[in-house]
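# An overview of the molecular structure
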Amino acid sequence: MNFLPLEPYQFHFPIYARIVASPDESKPEGVYRYDLPDTRGNQSEPAQYVPHDVSFTSRPGFAYRDIASSVKPPLSCRYVGSLLQQTCIARLSPISFEESKSFGQKIFFLLAEFPEGRQMVWLSPYYLRATKTFGFLADFRFKLQPGKTFSRKVQQLSLSLDSHFRDNSNFYVDRFQKLQQFLTRYASRLFPLQCSNGDELNVSLQLQGLPTRSLKPKVFLFGDGTSSNSQFLGVKEHGPLEPADENTLLCFIYKEPDRPLSHDLFRALRGDTFTTFPGMQKMFRFQLDRVHVQGVAVDGFSVSDVEGTVQRLVDARGSRLVVPIVLVPWNRHDGPEASDSYYRLKHLFLSNGLPSQFICSRTVEDPNALKWSVSNIGLGIFSKLGGQPWKIRPQNNRCLIIGVGQAHEFDRDHRITRHFAYSVLTDSSGLYTDLKILSREPSEPTYLKTLTHRLMDIFASYSAKGYDKFAIHATFSLRQQEMDAIRESIRAYTHDAEGGKEFVVLKFDDDSKYFGYDESANSMVPYEGSYIKLSKTEFLMWFEGLQKNRPNVRGKIGRPVHVEFRYPARDELSDDQMRGHVQDAVNLSGANWRGFNAKSLPISIYYAKLIADYFREFHRLGLDELNLENLTPWFL
C-alpha cells in the first residue's frame, strides 16, 4: 500500500488543551477542537470524552498534557502533519515543496519541472486502522501549470501515456519509481521528525505490506444458458442473453457528402469488412436489412437542421423503437462548439424518445480505428435497441442495486440554485432495470425530503416484486446531507414495513488517495478482484488488473477503487456479508454494455457518472428538463 509507517508506530506527544465550556463557544484562531478524555473525574473509572480546544504551543488558559497517539488518532495525525510542515520550512528550499490549499494536510514535493507542469510526490499523515499504525500516505501527482491546457504531452507526464504516447502498460511501475525517487531525494532531509518533547519519529523506507484477499472471477451468462469468462467470446459463440425486439429501426443520419462513409459503417456493422467483428446478425442475432435500416441525409448538425428529420421519424414510427445512428464530422471532445452541438442534438433526440448513437466520421475514415471500434459500436446500438447482451452470475440473489448520483445547477456566484438526484437501478446480475429521477428541487430541505420519500417508494415497489436485499451504491461526490437522507429513507421504510429485508450503503471512489502495488509481479499490478482491508468497513479493490490466465499487461490498468460501507453500523454486518456485497460490486464492473473492454467500475456508479455529465450539460445549455424513465440505456 502507498503508506510509509512511522517508527515507532505508537508514540506520545505534548499538547496544550482546555475543556470547551459550551457547545456554542467559538474556537480561537490557530487551535483545533477534538473530543479528549476528561481528566477531572475519578481516575479509577474510564474517562469520558468531552470537547477540548487543543494547541501544539503554550497558550493562556491551556493546560499542558502528554497524550498517547492512540487516544485520538485524528489529533495524532494533525500533530505529525504539523511536524512535517515545520521540518519542510526549516530544512528545504521553498521552491521544492508546497502545501495543499484544499482540505487535508498534504505537502507536495517537487521531482521535476516542465513547461506543462510539475511532477510531484505528496505526503499526508494517516492512521491505518488495519494495522493500528501511524505514518504517511504517499503518491505521485502531476500538477498542471496555470494557463496550460490538457494535452497528450500532459498525459505522458502524468504517466497515463508512455514515451511513445501509447497507453502506459508500465503505469504501476512508473508510479512506484516516482516514490523511490522521492525517498532517495528527500527522506534523509526530512526524517527523523523532531518532537517538541525531544522524541524522534522516523519513517520506514518500505511501503506497508498488507494481506491480500481475492474475490471470485466474473462469470458471464448468455442466451442459451451457458457461461463464459469473456463477454465477447460468450456473445459470439452463444448469442445474447435477450435479443432486441424485431419491431425496431436503425436510421443512419449523415450529410450528403458522407453518404459513402455511412455505407462503409453499415458494411462494417453487417460483418463484411473486418474479421474482428462478425456482424450484428452473427453476434447479436439482429438482422441489418431494409426492414430494420434506413438512411437520411441532412444539411448540417444544428438542431434546426435535424429537427425536421426527427419529427418525420416520430410521425412514422408507430410502436417501433427507433435508434438514430448519427455520423458527425466532430467528436464531442474536440472543443466547446463540438461539445455543445453534441449535447443539443442528444437532447433533441431524447426529448422525442429516441436513444441515439453518435459516431465521428474520422473513426469511419480510418480503417484501423473502425476495425477496433466497430464491435463496441455494435454493442451500444444493440443495447439501445433494448437487447440484453449478457448478465453476471450474482453473489446475492433477489438483490436490487440502486446507484445514486447527483448533479447541481449553479448561479454566477457558484451558489447552488437547483439540486438533482437520480438512481440507476439494476439487479445484482447486472441487468439494467430503470433510471429514476429521485428529486429535483431548488430548495435543499425540499430536495432532501423528496429524495427520502422517492427511495422509500423504490423499496416498496421492488419489495413487492420479490426483492429482499437492497444495496445502495453511492458516488463519492455525494454530500453528507444526501447520505443522511439515504439512511433516513432506510430507517423510515424498515420502521413501517415488514422485517426481513437487508439494506447496505456502499460509497465508491475511483480517484482516492489510496494506491497499491504487487511487488511479486513484474508489472506491479495486482490481480483483478484483489482487495485489502483498510479498516473494518473500508476496502481498497482492484476492479481491473492481471488475469489469472493472462498475467501480462497489454495496456494501462487503472487505479484501485476505495469502497466504504456507510450503512448499517460497523458491527451489524459480518465479514461474509460484506464480502458478498463487494463481490457483487466487482461483478457489476463486468456488466458494462458501453464496450467489451469498457471502464471497470460497477455500472451502478459508472452509469450514474455518465448521467451526471448529461444532466449537467443539458442544464448548462438551458435545455428543457426531460423525463428519461422507462427508456432503454440511452447514455451508453
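Before going into details, it helps to say that this report is about the structure given with it.

Thresholds, definitions, all that
Residues numbered from 1 in each chain as written. Predicted model: local features only at pLDDT ≥ 70, side-chain atom pairs only at ≥ 80, totals over all residues. Heavy atoms only, no water. Helix = DSSP H or I, 4+ residues; strand = E, 2+ residues; numbered from the N terminus. Buried < 20%, exposed > 50% of the residue type's maximum accessible area, 1.4 Å probe, protein only. Areas by Shrake-Rupley, 256 points an atom, 1.4 Å probe, with all protein chains shown as cover. Pairing = 2+ DSSP bridges. Axes fitted to C-alpha atoms, helices over the stretch in contact; angles between N-to-C directions. Salt bridge = Lys/Arg side-chain N within 4 Å of Asp/Glu carboxyl O. Arc of directions from axis to C-beta. Polar contact = N/O pair within 3.5 Å; in protein donor to acceptor, adjacent residues only side chain to side chain. 1 Å grid on protein atoms, 1.4 Å probe; cavity = no way out; pocket = protein on both sides within 12 Å on 5 of 7 lines; lining within 4 Å. Points joined across faces, edges and corners; volume = space filled by probe spheres on them. Nonpolar A, V, L, I, M, F, W, Y, C, P; charged D, E, K, R; others polar. Right-handed = clockwise from strand over helix to strand, strands pointing away. Contact = heavy atoms within 4.5 Å.

Check the secondary structure of the protein and you find 14 helices and 27 strands. Considered along the principal axes of its C-alpha atoms, the protein spans approximately 85 × 60 × 50 Å. Taking all 636 residues of the protein together, the buried fraction comes to 54%. About 29,000 Å² of surface is accessible on the protein, with carbon and sulfur atoms providing 46% of the total.

Another aspect to go through is the sheet that holds strand β15 (residues 248–255). With respect to topology, 4 strands assemble into an open sheet ordered β16-β15-β17-β18, the strand pairing being parallel. Each having just a single partner strand, β16 (293–298) and β18 (357–360) make up the two edges of the open sheet. This sheet shows a mean twist of 20 degrees between the axes of neighbouring strands, independent of strand direction. The sheet contact formed by strand β17 (residues 321–328) and β18 spans 4 bridges and is parallel.

A word on the sheet that holds strand β19 (residues 391–392). One key point about sheets: their strands pair by backbone hydrogen bonds, in either a parallel or an antiparallel sense. Across the sheet, 3 strands lie side by side as β14-β13-β19; this open sheet has antiparallel pairing. The open sheet has two free edges, formed respectively by β14 (227–228) and β19, since each of these has just one partner strand. Sheet analysis places strand β13 (residues 220–221) next to β19, joined by 2 bridges and oriented antiparallel. Along β19, the bridge assignment pairs Leu221 with Lys391.

What follows is about the pattern of salt bridges. Applying the stated rule across the entire model yields 27 salt bridges. Put simply, Arg440 and Glu625 hold a salt bridge, and the shortest N to O gap is 3.4 Å. Pair noted here: Arg440 is in strand β22 (residues 432–441) and Glu625 is in the segment after α14 (603–620), with a separation of 185 residues, a long-range link. Salt-bridge contacts for Asp484 lead to Arg487; the nearest nitrogen and oxygen are separated by 2.7 Å. Residue Asp484 and its partner Arg487 are both found in helix α12 (residues 480–496); the two are separated by 3 residues, about one turn of the helix. Salt bridges sharing common partners tie together Asp340, Asp613, Arg616, Glu617 and Arg620.

Before going further, it helps to examine unusual backbone geometry. The step from Phe191 to Pro192 runs through a cis peptide bond, and the omega angle for that step is 5 degrees. Relative to the helices and strands, Pro192 resides in the loop between α3 (171–190) and β10 (193–194). Here the amide bond leading from Tyr567 into Pro568 is cis, since omega sits at -5 degrees, within 30 degrees of zero. Here Pro568 is to be found in the loop between β27 (561–567) and α13 (575–588). Here Arg285, not a glycine, exhibits a phi torsion of approximately 60 degrees, which is positive. Note that Arg285 resides in the loop between α6 (280–284) and β16.

Another point: helix α4 (residues 231–238). Three- or four-residue spacings in an α-helix give side chains the same orientation, since the helix completes a turn every 3.6 residues. Every buried residue of α4 is accounted for by Gln231, Gly234 and Val235. Burial along α4 is one-sided: seen end-on, the buried residues are contained in an arc of 95 degrees. Between a side-chain oxygen at the N-terminus of α4 and the backbone nitrogen of Leu233 the separation is 3.2 Å; the capping residue is Ser230. Just past α4, the residue Gly239 takes up positive phi, approximately 85 degrees.

Counted according to the given criterion, the structure contains 1 cavity of 30 Å³ or more. What the largest cavity holds in volume is close to 80 Å³. In terms of residue count, α14 provides more of the lining of the largest cavity than any other element does, 3 residues in total. Residue composition of the lining of the largest cavity, by class: 5 nonpolar, 1 polar and 3 charged.

Further remarks concern the pairing of β17. A large share of β17 lies buried, amounting to 7 of its 8 residues. Two strands pair when backbone bridges link them, and β15 and β17 are joined in this way by 6 bridges, in the parallel orientation. Bridging across to β17, Thr248 finds its partner in Leu321. Crossover handedness for the path β17 to helix α8 (residues 336–351) to β18: right-handed.

A few words on the environment of Phe284. Inspection of the secondary structure assignment puts Phe284 in helix α6. The contact partners of Phe284, leaving out residues within four places of it in the chain, are Val235, Pro240, Phe277, Gly279, Gly378, Leu379, Phe382 and Phe596.

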